Amino acid sequence: MALVFDSARWETLAAMRTRGDVGDGIASVLALLGRPDVISFAGGFPDPDTFPRERIASLLQEFAATGESTAFQYAPTRGLAGALDVLADRLERDQGRRPADDELVITSGGIEALELIGKSFLDTGDVVVVEAPTYLGAIQSFRSFESDLVAVVLDDNGLDVAELEQRLADGLRPKLLYTIPDHQNPAGVSLTADRRDALVGLARHYGFLVVEDVAYRELGFAGDSLPSLWSIGPDIVVQVGTTSKTLFPGVRHGWAAGPAEAIDRLVAAKQVTDQCTGALGQRLFEEAARRGWIDDQLVRSRALYRRKSERMLAALERSMPESARWTLPRGGFFSWLTLPRVDAVELTGRAIEQGVAVVPGTLFFPDGRGTESLRLSFSLVDEDKIDDGIARLGSVVKTEPSST
Ligand SMILES: Cc1ncc(COP(=O)(O)O)c(C=O)c1O
């Protein structure tokens, strides 16, 4: 008798590591973006107005006209020499430290760097500390390696390093700690300078690797930044970066910088993931950086996101009840709204009915917390719809859910 490919059969065919529930978190956030009738504060996408379309189009023409072949060819696994050089220059300029050749790899976006770190360092049951709330993609990625995620809370000054210290003193023994120190996703807060030093000290003392995600680092509204964890602790920090928010995400392009012992392992893992990051994206990045286009774009992006953020915060002031609290971002894409005694998931459903999309806080915790919080993203929403969107959200918050 032939086997039937029903759901039970698929379940036994699937690898054990995929049977745990990694959730459809990112997919459910992206799904909300497609609805034109909804004012969306949901997705953390860059505003397309920041994309340098004409310049990129002329560059592609230039590649064709000059007979450039590199952009269209396979690339070395670690990255193209020119792109690596330009990236190392930028890191040196921004962070005061230039990675050596064996301390840098170009990845297919930040998310691939996280995947390579998981593949290279995590066995089933390994403990990974994440600040909570944290980036959904990181939760999904670390979970897919069957690691044990432990949440340490953050506050207005970033990861609560004193709480972490206490937990370590009490016996917590992580292999990795994942943090987003600048303009955090989803909380919109940044880690203070003294906490950065303390965190690196703890990593050295207890022997865990710090994964520093700098996705929003260059998007501080004032253009300033604190020392990166990687620059403070290049021996125990792997930095994960992306050009998705500073150039555009349509080519998957990012990096990992860290100790050669770690980066060599990521390069080995990458050989059997995608072999190399697309050469076209690497060449576009290289030329855009060399010609100063990324810096031009950053100036415009910071001004645009600052305006949107200020507008959203002013609207929250007008529309939210007394008890509501929200973070005051100094860069990035997000503010974190906390509404005591409100069921965020239920509220998200009612908000959609009123034409406004937000993401409930629970998605950003590995342990079910975040029930009274929402992530508000101001990056993609039309500037002139922000007031209306937040006013609608305010009315939903102030209306009691029906009990039926
Ligand atoms: C904190 C953080 N890290 C990494 C990423 C992934 O970026 P990429 O597009 O490079 O995969 C994102 C994207 O939203 C992010 O918010």
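Residues numbered from 1 in each chain as written. Predicted model: local features only at pLDDT ≥ 70, side-chain atom pairs only at ≥ 80, totals over all residues. Heavy atoms only, no water.

Caption draft 1: Region of the structure containing the overall build of the protein chain. The number of helices and strands found in the protein chain is 14 helices and 14 strands. Taking 2.2 N^0.38 as the reference for a compact globule, 404 residues should give roughly 22 Å; the C-alpha atoms of the protein chain span a radius of gyration of 22 Å, in line with that estimate. Counting only residues that meet the buried cut, the protein chain has 54% of its 404 residues in that class. Look at the contacts in the protein chain between residues 6 or more apart in sequence, and 75% of them connect residues 24 or more apart. Taken together, the 43 basic and 59 acidic charged side chains of the protein chain have centroids lying 2 Å from each other. (Helix = DSSP H or I, 4+ residues; strand = E, 2+ residues; numbered from the N terminus. Rg over C-alpha atoms; globule rule 2.2 N^0.38 Å. Buried < 20%, exposed > 50% of the residue type's maximum accessible area, 1.4 Å probe, protein only. Contact = heavy atoms within 4.5 Å. Lys, Arg positive; Asp, Glu negative; His and termini not counted. Charge placed at Lys NZ, Arg CZ, Asp CG, Glu CD.)

Caption draft 2: Region of interest: empty space enclosed by the protein. Taken as a whole and judged by the stated rule, the model has two cavities of 30 Å³ or more. Its volume calculated, the largest cavity comes out at about 150 Å³. Lining the largest cavity are 15 residues, with Arg90, Leu91, Asp94, Glu218 and Trp255 sitting closest to its centre. Looking at which element gives the most residues to the lining of the largest cavity, the answer is helix α4 (residues 81-95), with five residues. Taken together, the residues of the lining of the largest cavity sort by class into seven nonpolar, four polar and four charged. Approximately 30 Å³ is the volume attributed to the second largest cavity. Looking at the second largest cavity, the residues that line it are Glu131, Leu154, Gly158, Leu159, Thr179, Ile180, Pro181, Gln184, Val189, Ser190 and Leu191. A class-by-class count of the residues in the lining of the second largest cavity yields six nonpolar, four polar and one charged. (1 Å grid on protein atoms, 1.4 Å probe; cavity = no way out; pocket = protein on both sides within 12 Å on 5 of 7 lines; lining within 4 Å. Points joined across faces, edges and corners; volume = space filled by probe spheres on them. Nonpolar A, V, L, I, M, F, W, Y, C, P; charged D, E, K, R; others polar.)

Caption draft 3: Region of interest: the sheet that holds strand β3 (residues 127-132). Strands sit in the order β2-β9-β8-β7-β6-β3-β4-β5 across an open sheet of eight strands; the sheet is mixed. Unpaired on one side and paired on the other, β2 (104-107) and β5 (158-159) mark the two borders of the sheet. Helix-sheet contacts for α4 involve β2, β8 (237-242) and β9 (254-257), and the interaxial angle to β2 is about 110°. Relative to the sheet, helix α7 (residues 161-169) contacts β3, β4 (148-155), β5 and β6 (176-179), its axis offset from that of β4 by approximately 145°. (Pairing = 2+ DSSP bridges. Axes fitted to C-alpha atoms, helices over the stretch in contact; angles between N-to-C directions.)

Caption draft 4: Inspection of the packing of aromatic side chains at higher detail. All told, the structure shown has 10 aromatic pairs when counted by the stated rule. On the numbers, 5.2 Å between centres and 65° between planes, the contact of Tyr216 with Phe333 is edge-to-face. A residue pair is termed long-range when its members are at least 10 positions apart, and Tyr216 in the loop between β7 (209-213) and α9 (229-232) and Phe333 in the loop between β10 (325-326) and β11 (334-338) qualify at 117 residues. Here Tyr216 and Phe333 have matching classes, each one buried. Summarising the aromatic geometry, the rings of Trp336 and Phe364 are spaced 6.0 Å apart at their centres and angled 80° between planes, so their arrangement reads as edge-to-face. One end of the pair, Trp336, is in strand β11; the other, Phe364, is in the loop between β13 (359-360) and β14 (373-377), and 28 residues separate them in sequence. Both residues of the pair, Trp336 and Phe364, belong to the buried class. A network of ring pairs unites the aromatic residues Tyr216, Tyr305, Phe333 and Phe334 as a single cluster. (Phe/Tyr/Trp six-rings, centres within 6.5 Å; stacked < 30°, edge-to-face > 60°.)

Caption draft 5: Broad picture of the sheet that holds β11. Reading across the sheet, the four strands line up as β10-β11-β14-β13 and stay open at both edges, with antiparallel pairing between neighbours. Two strands bound the open sheet, and with one partner strand each, they are β10 and β13. The pairing of β11 with β14 spans five bridges and is antiparallel. From the neighbouring strand, Phe334 faces β14, where its bridge partner is Ser377.

Caption draft 6: Layout of a nonpolar patch on the surface. A contiguous nonpolar patch, built from Leu3, Phe5, Trp10 and Leu13 and spanning about 460 Å² of accessible area, is present on the exposed surface. When you line up the elements, Leu3 lands in the segment before α1 (7-13). For Leu3, a relative accessible area of 58% puts it in the exposed group. (Patch = residues over 30% accessible without salt bridge, like charges linked within 9 Å, V, L, I, M, F, W, Y side chains within 5 Å. Areas by Shrake-Rupley, 256 points an atom, 1.4 Å probe, with all protein chains shown as cover. Salt bridge = Lys/Arg side-chain N within 4 Å of Asp/Glu carboxyl O.)

Caption draft 7: Spotlight on the pairing of β9. The two faces of β9 match: Gly254 and Ala256 on one face and Trp255 and Ala257 on the other face are all buried. Alignment of β2 against β9, held across four bridges, turns out to be antiparallel. Bridge pairing in β9 links Leu104 to Ala257. Where β8 lies against β9, four bridges are found, and the strand directions are antiparallel. The partner of Gly241 across the bridge, within β9, is Trp255.

Caption draft 8: Spotlight on unusual backbone geometry. Geometrically, the link from Ala132 to Pro133 is a cis peptide bond, its omega value of 5° lying close to zero. Along the chain, Pro133 falls in the loop between β3 and α6 (136-143). Of note, the amide linkage connecting Asn185 to Pro186 takes the cis form, showing an omega dihedral of 15°. With respect to the helices, strands and loops of the structure, Pro186 is situated in the loop between β6 and α8 (193-206). The phi dihedral of His183 is positive, around 50°, even though this residue is not glycine. You can see His183 is positioned in the loop between β6 and α8. On the accessibility criterion, His183 (7% relative accessible area) is buried.

Treat this as a map of the structure, not an account of what it does.
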